[in-house]
Amino acid sequence: MKLNRISGALLACTCFFGATDAWADTVAVMKLDVLGDKVDAQATQVFEAIRTAIMNAEDFDLDANGGDLTYTEMQMVTGCDKESSIACYDTACETLGAPAIVFGSIKTGGETHVVWYKSGVGVFREVKMTVTDQASADALASKLVVGSKGQLIVTSNVPGADVFVDGKRVGMSAEFKENATPIDLVEGKYIVTIRKDGFTKEDAVSVVIEGDKMAEVHINMAVATDPEVVRRGILIGGYTSLGVGAASIIVAGVLIPVAAGKGDGVAKDINDGEIFRKGDADDIDTMKISSQVLFGVGGFLLAAGVAMVVTGYVYDFAGEDIDRGLASNPYVPKIDFNLSPSYQGMTMGWKF
C-alpha cells in the first residue's frame, strides 16, 4: 500500500507538470526494473546513459516524466497486469503524458532488456545487452537512441574510386572485398555512388544496412569519353552532312534543266521527222529519277546537318552530375554538401 501511495503521488506530479509538453518526438525514460541482486548500480548507469543519449540526439527530446518509477510500479498504479500488452504500453504513455516511453529490466549478471515504444505506432527499437560497467551502458544507450551499426564494403572494377553514401564521401572503393576498408553505418537505407575522374558516373545503388551485419556493393565503371571530343565529332559530322546535302541539291538542280533540254531535243527530232532513239528517252527518265532522289537525300542531309550543328553548339555533353536514386531518396536531406576543395568539382550541378 505504501508503494502504491508513493507511486500514485509521483504519477500525479509528473502528469501535471509534463503532460502538456509532450512532443511528437519526445520520449519519457523510466527506471529499469531490477530483477536480481547487485545490479542497482548498473541499472542507474543504463538509465542515465539513455537519458544523456536522448538529450544529445538531434531527432528526439527528453520528456521529464517517467524518471521516478519503473514499468512494474506503473502497472501497480494503473492496474495494468499484462506485462507485454500493447494496451498496457499505451496506458503507460497516457499515464505519463508522453507520446513515447523507454522501459526495461536488468537481471543478476547485467542481462538488460530495454524497449522504446511509441504510442499508436509500436515498438521503435528494442535492445538486449549485458551491462557490467559504464562503457557497456553507453553502448546500450547508443544502440537504442542512435541505432545499431553495420558495415558496408564497396568494390568496383576501378579501384580507388571515391565512395559517396547519401551524398557524403566516406571512403574509397577496392577491386576485391578482401582489400576493402569497411565503412561503419547506422542501420538503415542508403544510396551509394562512386566517382573517379576519367570514368563514367554510374546510377546510384540502394543498400540496406542491418545492425551487426556487413553489406556488400559492387559497381562497374567504364572509361568516360571526353565531352569536347564528342562535341567536335558531332560538329564535324554536322558540317559534313550540310556539305553533302547541299552538293546533292545542287547536282539535282543541274540534272533538271539537262533532262528538260534532252526532252526538248527529242521532241524536235520527232517533229522534224528524224529518227527517235529509245536510249534518249531512257536517259531522260534516269535523270529525272536521279534528280528527285538527290533532292530527297540532300534535304534529309541538310536537316540532319542543321540538327547536329545546333546540338554540337548547344547541348551540354558533360551533363549534370545527378544521381536519380539519390535525388529521389526520401532519407537524404535536400541540401548542398560542403566537401573539401578536391571534391567540390564532383558536386557541381548536384540538385537536392
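Rules and cut-offs
Residues numbered from 1 in each chain as written. Predicted model: local features only at pLDDT ≥ 70, side-chain atom pairs only at ≥ 80, totals over all residues. Heavy atoms only, no water. Pairing = 2+ DSSP bridges. Helix = DSSP H or I, 4+ residues; strand = E, 2+ residues; numbered from the N terminus. Axes fitted to C-alpha atoms, helices over the stretch in contact; angles between N-to-C directions. Salt bridge = Lys/Arg side-chain N within 4 Å of Asp/Glu carboxyl O. pLDDT = per-residue confidence, 0-100. Contact = heavy atoms within 4.5 Å. Polar contact = N/O pair within 3.5 Å; in protein donor to acceptor, adjacent residues only side chain to side chain. Phe/Tyr/Trp six-rings, centres within 6.5 Å; stacked < 30°, edge-to-face > 60°. Buried < 20%, exposed > 50% of the residue type's maximum accessible area, 1.4 Å probe, protein only. Lys NZ or Arg CZ within 6 Å of the ring centre and 35° of its normal. Core = buried A, V, L, I, M, F, W, Y, C linked by side-chain atoms within 4.5 Å. Patch = residues over 30% accessible without salt bridge, like charges linked within 9 Å, V, L, I, M, F, W, Y side chains within 5 Å. Areas by Shrake-Rupley, 256 points an atom, 1.4 Å probe, with all protein chains shown as cover. Lys, Arg positive; Asp, Glu negative; His and termini not counted. Charge placed at Lys NZ, Arg CZ, Asp CG, Glu CD.

Caption draft 1: Focus on the sheet that holds strand E9 (residues 168–172). Read from one edge to the other, the open sheet built from 4 strands follows the order E9-E8-E11-E12, with strand pairing classed as antiparallel. Each edge of the open sheet is held by one strand with a lone partner, namely E9 and strand E12 (205–209). On average, each strand axis in the sheet is inclined to that of its neighbour by 35 degrees, with strand direction left out of account. Note: strand E11 (residues 188–195) against E12, 5 bridges, orientation antiparallel.

Caption draft 2: Expanded view of the pattern of salt bridges. Going through the model one piece at a time under the given rule, you end up with 4 salt bridges. Salt-bridge contacts for Arg169 lead to Asp162; the nearest nitrogen and oxygen are separated by 2.6 Å. The shortest N-O distance in the salt bridge between Glu216 and Lys177 comes to 3.5 Å. Taken together, the residues Glu216 in strand E13 (residues 214–219) and Lys177 in the loop between E9 and strand E10 (183–186) connect sequence positions 39 residues apart.

Caption draft 3: Looking closely at the confidence of the model for the chain. Taken residue by residue, the chain gives an average pLDDT of 77. The fraction at 70 or more is 73%. Contacts for the low-pLDDT stretch residues 1–24, under 50 throughout, to residues beyond four places or in other chains number 29 contacts. Across residues 319–352 the pLDDT falls below 50, and counting only partners more than four positions away or on other chains, this stretch makes 54 contacts in the model.

Caption draft 4: Summary view of the side chain of Asn65. Mapped onto the fold, Asn65 is located in the loop between strand E3 (61–63) and helix H3 (71–78). Among the polar contacts made by the side chain of Asn65, one reaches the main-chain carbonyl oxygen of Leu96 at a distance of 2.2 Å.

Caption draft 5: Region of the structure containing the packing of aromatic side chains. Using the criterion set out here, one finds 7 aromatic pairs in the structure. Measuring from ring centre to ring centre gives 5.1 Å for Tyr89 and Phe103, while their planes differ by 50 degrees; the resulting arrangement is tilted. Taken together, the residues span a long stretch of sequence, with Tyr89 in helix H4 (residues 86–96) and Phe103 in strand E4 (residues 100–106) at a distance of 14 residues. No difference in accessibility class separates Tyr89 from Phe103, as the two residues are buried. Counting every residue linked through ring pairs, the aromatic cluster contains Tyr71, Tyr89, Phe103 and Tyr117. When the ring centre of Phe124 is taken as reference, the NZ or CZ atom of Lys118 above it lies at 4.2 Å.

Caption draft 6: Spotlight on the nonpolar core. With 25 residues, the main nonpolar core has Val46, Ile50, Ile54, Val102, Val114, Trp116 and Leu140 as its most contacted residues. Of all elements in the fold, only strand E1 (26–29), helix H2 (40–56), E4, strand E5 (111–118), strand E6 (122–130) and helix H5 (134–145) reach the threshold of two or more residues within this core. In terms of residue count, H2 provides more of this core than any other element does, 7 residues in total. Discounting residues that sit within four places of it in the chain, Val46 has contacts with Leu32, Val114, Val131, Ala137 and Leu140. Judged by nonpolar contacts, the second largest core, of 17 residues, contains Val158, Ile183, Val217 and Met221.

Caption draft 7: Focus on a negative patch on the surface. On the surface, Asp25, Glu58, Asp59 and Asp61 cluster together to form a negatively charged patch. Structurally, Asp61 is set in strand E3. Residue Asp61 is classed as partly exposed on the basis of its relative accessible area, which comes to 33%.

Caption draft 8: Expanded view of the environment of Ser105. Considering the arrangement of structural elements, one finds Ser105 in strand E4. If we ignore the near neighbours within four places in the chain, the residues touching Ser105 are Leu32, Asp33, Leu35, Glu111, Thr112 and His113.

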